[in-house]
Amino acid sequence: MPSRLNCLRPLLTGPAARRLRTTLMVALPAYLLFLPLWFERPLALALRVLLPALAGLLAFELTERWPRQPPRWLARWVLQVVAVALSIPITVMLFYTLAFPAESGPFWRHPQRMEAVFAFCFLGTLLGPWTAMTALLRRRDAAVRLAERQRGELERQVLGAQLQLLQAQVQPHFLFNTLANVQALVEDGSPQAAPVLAQLIAYLRAAVPRLHETQTRLGQELDMVRAYLALMQLRMPDRLRFELDVAAGCEPLLCPPLTLMTLVENAIRHGIDPSLDGGLIALRVRIREGRCQASVRDSGVGPRPGSMGLGTGLSRLRERLQVLFGDDIAMQTHVIQPHGFMVELDWPARTK
């Protein structure tokens, strides 16, 4: 018994069943409208109302599937509405022609029957096309909502793929630069090589699992920045100083992985490393009017003349921020006199 019910469930809840229920709901007011005049013959009235309604439903269903390819000049929805509008009066007239004995004569010779035919045809021609148009509009709206959901899902998949691609481009850049720094230290025979290598291993154990995340928290990002700067300070104890000024409440904010790391690593590579005297790296994070504002300033050599472009690391960072936040981000670069460079970021302060 349950298996039979499972087989019947699509028939009871599918599109055809919903259309049949709609047809009956539209036919019911028409039946109630004529019932006072047909109070003694309710079953006869039911036949006169239901048969045209079911004929309109059948015409709607048939023209939805046939012809498979309507002429270019004829839209299918027009064909369906016209078919419904014609099927109802034709059904009414056929019923009055065939449902009575031949001796009663044609219905148009009897004024009362003629009035009933006209009333049923007129009301059916009004309600049938209106119901068909309503069904077509609801189906179009459902198709539009489905297309919007599918488009939104595809956009999320595209954004995710873009972000993964951009992170795949950034991660080797960052890791290889860090390993190159350690290699240079080892080749120089510095006594700091072993502590630096140990700090690097500890840093990578904490940082690498987060690199594949599409979003991370500023608190996690700041932990990586502190570990990285401590690592670089072991390598350049006399040339690197750093300051972190982070306002309270910034740690839970979302940001793409390696956002602050990219700024700090860029400052060391292009500012502190080439400088004989080294310098200071100052990181500052604030929340202002629903925006997260972060800046990294270094007192290194500054950009070379004619090279005010963002460079690979900063360009990739801008792209990752745009993938997550759209155009609602800002990145500004400033040359600091007499020497140094600063990058400022501004993006929506979100926690989810």
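Further up the page is the structure itself.
Residues numbered from 1 in each chain as written. Predicted model: local features only at pLDDT ≥ 70, side-chain atom pairs only at ≥ 80, totals over all residues. Heavy atoms only, no water.

### A few points about the side chain of T63
At step 1: Here T63 shows up in helix 3 (residues 42-65).
At step 2: Of note is the side chain of T63, whose polar atom sits 2.7 Å from the backbone oxygen of A59.
At step 3: At a separation of 3.3 Å, a polar atom in the side chain of T63 contacts the main-chain carbonyl oxygen of F60.
At step 4: If sequence neighbours within four positions are ignored, T63 has contacts with R76, L79, Q80 and A83. (Helix = DSSP H or I, 4+ residues; strand = E, 2+ residues; numbered from the N terminus. Polar contact = N/O pair within 3.5 Å; in protein donor to acceptor, adjacent residues only side chain to side chain. Contact = heavy atoms within 4.5 Å.)

### Let's talk about the nonpolar core
At step 1: Of all hydrophobic cores here, the largest spans 44 residues; its most connected members are L218, I268 and W347.
At step 2: Counting residues per element, the ones that place at least two in this core are helix 5 (111-187), helix 6 (193-207), helix 7 (218-235), helix 8 (259-272), strand 4 (279-288), strand 5 (291-298), helix 9 (311-325) and strand 7 (341-348).
At step 3: In terms of residue count, helix 7 provides more of this core than any other element does, nine residues in total.
At step 4: Judged by nonpolar contacts, the second largest core, of 19 residues, contains A30, Y31, W38 and F120. (Core = buried A, V, L, I, M, F, W, Y, C linked by side-chain atoms within 4.5 Å. Buried < 20%, exposed > 50% of the residue type's maximum accessible area, 1.4 Å probe, protein only.)

### Regarding the sheet that holds strand 6 (residues 330-335)
At step 1: Pairing in this open sheet of five strands is mixed, and the strands run 2-4-5-7-6 from one edge to the other. Sheet topology places strand 2 (240-246) and strand 6 at the edges, where each strand pairs with a single neighbour. Averaged over all adjacent pairs, the angle separating strand axes in this sheet is 10°, with direction ignored.
At step 2: For strand 2 and strand 4, the ladder comprises seven bridges, and the chain directions are parallel. Among the inter-strand pairings, F242 is bridged to a residue of strand 4, identified as I281.
At step 3: Packed onto the sheet, helix 8 meets strand 2, strand 4, strand 5 and strand 7 and runs at close to 155° relative to strand 4. (Pairing = 2+ DSSP bridges. Axes fitted to C-alpha atoms, helices over the stretch in contact; angles between N-to-C directions.)

### Comments concerning the layout of surface pockets
At step 1: When its volume is computed, the largest pocket comes out at roughly 930 Å³.
At step 2: Together, 41 residues line the largest pocket, and R19, T22, T23, T131 and A135 are the ones closest to its centre.
At step 3: With 16 residues, the single largest contributor to the lining of the largest pocket is helix 5. (1 Å grid on protein atoms, 1.4 Å probe; cavity = no way out; pocket = protein on both sides within 12 Å on 5 of 7 lines; lining within 4 Å. Points joined across faces, edges and corners; volume = space filled by probe spheres on them.)

### Some details on a positive patch on the surface
At step 1: Taken together, the side chains of R18, R21, R138, R145 and R149 make up a positively charged region of the molecular surface.
At step 2: Listed by contribution, the elements that provide at least two residues to the positive patch are helix 2 (15-34) and helix 5.
At step 3: If you trace the backbone, R18 turns up in helix 2. (Patch = residues over 30% accessible without salt bridge, like charges linked within 9 Å, V, L, I, M, F, W, Y side chains within 5 Å. Areas by Shrake-Rupley, 256 points an atom, 1.4 Å probe, with all protein chains shown as cover. Salt bridge = Lys/Arg side-chain N within 4 Å of Asp/Glu carboxyl O. Lys, Arg positive; Asp, Glu negative; His and termini not counted. Charge placed at Lys NZ, Arg CZ, Asp CG, Glu CD.)

### Comments concerning the packing of helix 2 against helix 3
At step 1: Put simply, helix 2 and helix 3 touch, their axes get as near as 9 Å, and they point 145° apart. Considering the relative orientation of helix 2 and helix 3, their crossing is right-handed. Between helix 2 and helix 3, the contacting residues are R19, L20, T23, L24, A27, A30, Y31 and F34 on the first element and P42, L45, A46, V49, L50, A53, L54, L57, F60, E61 and E64 on the second. (Left-handed = near helix turned anticlockwise from the far one by under 90°.)

### Side note on the packing of aromatic side chains
At step 1: Inspection of every chain in the model, using the stated rule, returns one aromatic pair.
At step 2: Arranged with centres 6.1 Å apart and planes meeting at 15°, the rings of F118 and F122 form a pair that is stacked. You can see F118 and its partner F122 sitting in helix 5, four residues apart, about one turn around the helix.
At step 3: Taking the relative accessible area as the measure of exposure, F118 reaches 57% and is therefore exposed. (Phe/Tyr/Trp six-rings, centres within 6.5 Å; stacked < 30°, edge-to-face > 60°.)

### Considerations on the side chain of D346
At step 1: For D346, the position within the fold is in strand 7.
At step 2: A relative accessible area of 17% means that D346 is categorised as buried.
At step 3: Within the structure, the side chain of D346 is placed 2.6 Å from the side chain of R291, a separation counted as a polar contact.
At step 4: Sequence-distant contacts of D346, defined by excluding residues within four places in its chain, comprise R291, C292, Q293, D328, I329 and A330.

### Topic: the pairing of strand 7
At step 1: With seven of eight residues buried, strand 7 is to be regarded as a mostly interior element.
At step 2: Bridge count for strand 5 against strand 7 is eight bridges, and the pairing is antiparallel. When the sheet's bridge partners are listed, Q293 is paired in strand 7 with D346.
At step 3: Both strand 6 and strand 7 contribute to a ladder of six bridges, which runs antiparallel.

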